[in-house]
Amino acid sequence: MVLCSHRHITSVPGQIPPQSQILDLSNNRIKSLTQGLFSHLKALQELDLSMNIISKIEPGTFRYLQNLMILRLKNNQLKLVPAGVFSGLPNLTFLDISDNDIVILLDHSFKDLFNLRNLEAGDNQLVFVSHLAFGSLHNLQQLTLEKCNLSSVPAHALSHLHHLVVFRFRKLNISIIHNYSFKRLNHLKVLEIDQWPFLDTLEPDSLFGVNLTALTLTRCNLSNVPYDALKHLIYLTQLDLSYNPISVIRSRRLCDLEHLQEFHLSGGKLVSIETKAFQGLSYLCLLNVSKNLLTTLEEEVFHSLETLETLRLDGNPLSCDCRLLWLIYRREGINFDGQNPVCATPAIVEGTAFKDFPEQISPDHFICQKPVIRNKFLQQMSVDQGEQISFICNGEGNPSPKISWLSPQNDLLNANINGRFSVLADGTLKIHYVYAQDSGIYTCIAQNPIGNDTLLAELQVSSKNSIPFTTTTLPPIASWPSSRAANAEQKPITLDIWVLAMVLAMGFIPFLTAVIVCFVFIFFLSLSRGNIKHRAQIEYVPRQPYPPINELENEDNKFTMKLM
């Protein structure tokens with residue numbers, strides 16, 4: 001072992017013993033490597049040239065290092081890796097060229113490295129990876145690419161790494177992962193995508209063809225769980241989506257991941273985990289949803305509570321009502337990983353950790369109240385068409401009820417702007433411009449897990465000088481078999497008389513004008529022809545007889561008429 005680190009040397013020393021197996025030349029001022037430098041070190045197994053200022057390596061520099069297994073060139077000034085620069089290293093298993101200034105990886109940059117198992121190539125200025133850059137790395141098992149300037153996943157180059165097992169792909173500015181980006185990576189088990197701040201889309205087949213057991217998609221810009229891209233990963237056991245602005249985990253959308261054991265989504269914007277969100281995940285033993293915006297976690301989100309061992313729920317504004325009572329009863333059998341959940345509401349238990357509640361829960365704790373709508377009276381309004389109206393609906397309960405409205409046709413009017421209708425945050429229904437067909441009974445529903453309460457509101461819309469009539473709207477042909485679509489929807493539509501009169505007038509006046517113009521034209525045309533004569537003089541001029549040329553030409557006498 002020869003250690004020459006931090007010696008301020010500018011070139012490789014010439015007096016290194018030929019039997020040396022480990023040579024450390026890191027943290028020096030070496031600028032270049034030329035052929036023959038290591039020709040006498042045939043026993044060398046590990047060479048560390050990190051943290052120098054190497055900008056040039058001549059092909060054949062490492063030709064005689066047949067036994068070299070580890071080569072470190074981290075933190076130098078390499079801008080290019082010429083083809084064949086690493087030839088002559090048949091036993092090299094680990095290569096680190098990270099933290100350089102490499103802009104492009106050319107074809108056959110790693111030629112002859114047939115036994116390389118681990119390649120560290122991150123923290124470079126990479127803008128392009130040639131299709132055959134990894135062509136010789138048939139046995140590569142681990143690859144790290146990070147802090148690069150790549151604009152897309154180099155799918156063609158990666159397709160040569162048939163035995164790749166672990167791929168760390170971190171700190172890039174790629175915004176979308178296209179379909180089949182990891183094709184032919186049949187042995188890939190671990191894929192780590194971290195710190196892609198612009199990544200917001202995974203196309204449905206972006207992960208098709210790989211059999212991952214662990215997937216990390218952290219510190220990206222995913223606003224939704226990429227369900228379609230994940231459904232192919234039937235052997236996945238670990239999924240980490242932490243530090244993404246994901247707000248909800250939908251019901252039954254992860255059921256294809258039947259072998260999933262660990263699910264992480266911490267540090268995000270998670271507001272809701274829908275009922276049966278983990279349906280089908282019968283092996284789920286760890287759930288980490290810490291540091292989010294969850295107010296509750298209901299028992300019904302899990303496929304089975306028998307397998308759940310570790311639960312991280314800390315860092316959420318939990319509302320300690322009846323929905324979390326199941327967790328209080330099971331707290332002794334669940335590992336909170338040293339981070340006990342804490343109640344944020346109601347005020348009576350604010351700041352209390354779950355572990356601090358007594359075994360016998362007080363009747364005043366973890367209770368729910370059925371929703372109640374205050375000022376529950378029938379609201380009636382009679383307005384003219386075109387006006388704006390509002391119906392008020394305020395619900396109270398524990399937990400706070402969700403307010404929704406049904407139209408007279410029993411259509412749900414959600415809280416978002418829906419054409420002319422909107423439901424405000426306080427439950428008020430607003431119709432921005434009413435029509436006659438909006439008339440009818442509207443129903444307000446205040447609902448929480450315990451029950452619901454309703455309120456009715458009646459609207460009558462009058463329209464002056466209008467004629468109501470109905471039109472039939474047929475459903476699409478594909479939906480005809482359904483009983484609901486078989487009935488035509490009747491919607492009253494009004495037609496204003498003055499509008500009808502104006503439309504008819506606009507069509508009749510041009511027609512009448514055209515007829516008058518035609519008559520005038522014919523009148524003046526007839527005057528230009530002069531007087532019409534009613535007498536005719538006929539002159540009869542008999543033809544001179546002549547002998548016929550043949551019998552076929554024998555004709556009767558003819559006469560000529562002239563009209564004077």
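Everything numeric in this text was worked out from a predicted model, so none of it was measured. (Residues numbered from 1 in each chain as written. Predicted model: local features only at pLDDT ≥ 70, side-chain atom pairs only at ≥ 80, totals over all residues. Heavy atoms only, no water.)

Quick look at the overall build of the chain
Scanning the chain from N- to C-terminus turns up five helices and 36 strands. Each of the 564 residues in the chain was classed as buried or not, and the buried ones make up 38%. Of the contacts made within the chain by residues no fewer than 6 positions apart, 57% connect residues no fewer than 24 positions apart. For the chain, the computed accessible surface area is about 31,500 Å², with 54% contributed by carbon and sulfur atoms. (Helix = DSSP H or I, 4+ residues; strand = E, 2+ residues; numbered from the N terminus. Buried < 20%, exposed > 50% of the residue type's maximum accessible area, 1.4 Å probe, protein only. Contact = heavy atoms within 4.5 Å. Areas by Shrake-Rupley, 256 points an atom, 1.4 Å probe, with all protein chains shown as cover.)

Some points on the sheet that holds strand E33 (residues 440-448)
The five strands are arranged E26-E34-E33-E29-E30 in an open sheet whose pairing can be described as mixed. Across the chains shown, the open sheet's two edge strands, defined by having one partner strand only, are strand E26 (379-384) and strand E30 (412-413). Sheet topology places E33 next to strand E34 (residues 451-462); nine bridges connect them, and they run antiparallel. Counterpart to Ile441 in the pairing with E34 is Glu458. (Pairing = 2+ DSSP bridges.)

Observations concerning the pattern of salt bridges
Enumeration according to the criterion identifies 14 salt bridges in this entry. Its salt-bridge partner being Arg219, residue Asp194 comes within 3.6 Å of it at the nearest N-O pair. One end of the pair, Asp194, is in strand E14 (residues 190-194); the other, Arg219, is in the loop between strand E16 (214-218) and helix H2 (227-230), and 25 residues separate them in sequence. On the basis of relative accessibility, which here comes to 8%, the residue Asp194 falls in the buried class. Here the salt bridges do not stand alone but share partners, grouping Glu146, Arg170 and Glu192 into one network. (Salt bridge = Lys/Arg side-chain N within 4 Å of Asp/Glu carboxyl O.)

Comments concerning a nonpolar patch on the surface
A cluster of nonpolar residues, Phe508, Ile509, Phe511, Leu512, Val515, Ile516, Phe519, Val520, Phe523 and Phe524, forms a patch on the protein surface that exposes about 1,000 Å² of accessible area. Of note, Leu512 is situated in helix H5 (residues 497-527). (Patch = residues over 30% accessible without salt bridge, like charges linked within 9 Å, V, L, I, M, F, W, Y side chains within 5 Å.)

As for the side chain of Ser98
By the secondary structure assignment, Ser98 is in the loop between strand E7 (94-96) and strand E8 (104-105). Here Ser98 falls in the buried class, since its relative accessible area comes to 9%. Side chain to side chain, Ser98 and Asp96 meet in a polar contact 2.6 Å long. Ignoring anything within four residues of it in the chain, the contact list for Ser98 reads Leu73, Lys74, Asn75, Glu120, Ala121, Gly122, Asp123 and Asn124. (Polar contact = N/O pair within 3.5 Å; in protein donor to acceptor, adjacent residues only side chain to side chain.)

Things to note about the side chain of Ser109
Residue position: Ser109 is located in the loop between E8 and strand E9 (118-120). Looking at Ser109, its side chain comes within polar contact range of the main-chain oxygen of Val81, at 3.4 Å. Excluding residues within four positions of it along the chain, Ser109 makes contact with Val81, Pro82, Ala83, Val85, Phe86 and Ala133.

Topic: the sheet that holds strand E27 (residues 389-391)
Reading across the sheet, the three strands line up as E27-E32-E31 and stay open at both edges, with antiparallel pairing between neighbours. Either end of the sheet is taken by a strand with one partner, and the two such strands are E27 and strand E31 (421-423). Ignoring which end each strand starts from, the neighbouring axes of this sheet average 15 degrees apart. The pairing of E31 with strand E32 (residues 429-431) spans three bridges and is antiparallel. Opposite Val423, over in E32, you have Leu429 as the bridge partner. (Axes fitted to C-alpha atoms, helices over the stretch in contact; angles between N-to-C directions.)

So, the state of the cysteines
Taken as a whole and assessed by the stated rule, the structure comprises three disulfides. Between Cys320 and Cys343 runs a disulfide, and the two sulfur atoms are separated by 1.9 Å. Its S-S torsion of approximately -100 degrees makes the covalent link between Cys320 and Cys343 left-handed. A residue pair is termed long-range when its members are at least 10 positions apart, and Cys320 in the loop between strand E23 (318-319) and helix H3 (325-330) and Cys343 in strand E24 (residues 343-345) qualify at 23 residues. The residues Cys320 and Cys343 share a single accessibility class, namely buried. Here Cys393 connects covalently by a disulfide to Cys444, the sulfurs 1.9 Å from one another. In this structure the cystine formed by Cys393 and Cys444 twists about its S-S bond by roughly -75 degrees; its chirality is therefore left-handed. (Disulfide = S-S within 2.5 Å.)

Focus: the confidence of the model for the chain
Chain-level pLDDT for the chain is 86 on average; 85% of the residues reach the 70-or-more range. Across residues 465-494, confidence stays below pLDDT 50; counting only partners more than four residues off in sequence or on other chains, it has 37 contacts. Overall, residues 545-559 carries pLDDT values under 50, and its contacts beyond four positions in sequence, including any with other chains, amount to five contacts. (pLDDT = per-residue confidence, 0-100.)

Observations concerning the environment of Leu284
Checked against the element boundaries, Leu284 lands in the loop between strand E20 (272-273) and strand E21 (286-288). Considered as a pair, Leu284 and Thr310 are 26 residues apart in the sequence and their alpha carbons are 9.6 Å apart. Setting aside chain neighbours within four positions, we find Leu284 in contact with Leu260, Gln261, Glu262, Phe263, Phe278, Phe302, Thr307 and Leu308.

Concerning the nonpolar core
Phe86, Leu119, Phe134, Phe263 and Phe278 are the most contacted members of the largest nonpolar core, which totals 116 residues. Looking at this core, the elements with two or more residues in it are strand E11 (142-146), helix H1 (155-158), strand E12 (166-170), E14, E16, H2 and H3. Tallying contributions element by element places H3 first for this core, with four residues. Every residue in contact with Phe263, bar those within four places of it in the chain, is listed here: Leu239, Leu241, Ile249, Leu254, Phe278, Leu284, Leu286, Leu287 and Asn288. Counting 20 residues, the second largest nonpolar core, distinct from the first, contains Ile373, Leu413, Ile431 and Leu455. (Core = buried A, V, L, I, M, F, W, Y, C linked by side-chain atoms within 4.5 Å.)

Describing the packing of aromatic side chains
Applying the stated criterion across every chain yields a total of 15 aromatic pairs. Centroid distance Phe110 to Phe134: 6.0 Å. Interplanar angle 25 degrees. Geometry classified as stacked. With Phe110 in the loop between E8 and E9 and Phe134 in the loop between strand E10 (128-129) and E11, this pair connects stretches of sequence that are 24 residues apart. The class of Phe110 is buried, set by a relative accessible area of 1%. On the basis of relative accessible area, Phe134 is assigned to the buried category, the value being 0%. Both rings, one in Tyr180 and one in Phe208, keep their centres 5.9 Å apart while their planes meet at 90 degrees; by these two values the pair is edge-to-face. Of this pair, Tyr180 sits in the loop between strand E13 (176-177) and E14 while Phe208 sits in the loop between strand E15 (201-202) and E16; the two residues are 28 residues apart in sequence, bridging distant segments of the chain. For Phe208, a relative accessible area of 41% corresponds to the partly exposed category. By way of ring pairs, the aromatic residues Phe38, Phe62, Phe86, Phe110 and Phe134 are connected into one cluster. (Phe/Tyr/Trp six-rings, centres within 6.5 Å; stacked < 30°, edge-to-face > 60°.)

Things to note about the environment of Leu236
Positionally, Leu236 belongs in the loop between H2 and strand E17 (238-240). Residues Leu236 and Ala214, spaced 22 residues apart in sequence, show a C-alpha to C-alpha distance of 5.9 Å. In this view, Leu236 contacts Leu212, Thr213, Ala214, Leu215, Leu257, His259 and Leu260; residues no more than four positions away in its chain are not counted.

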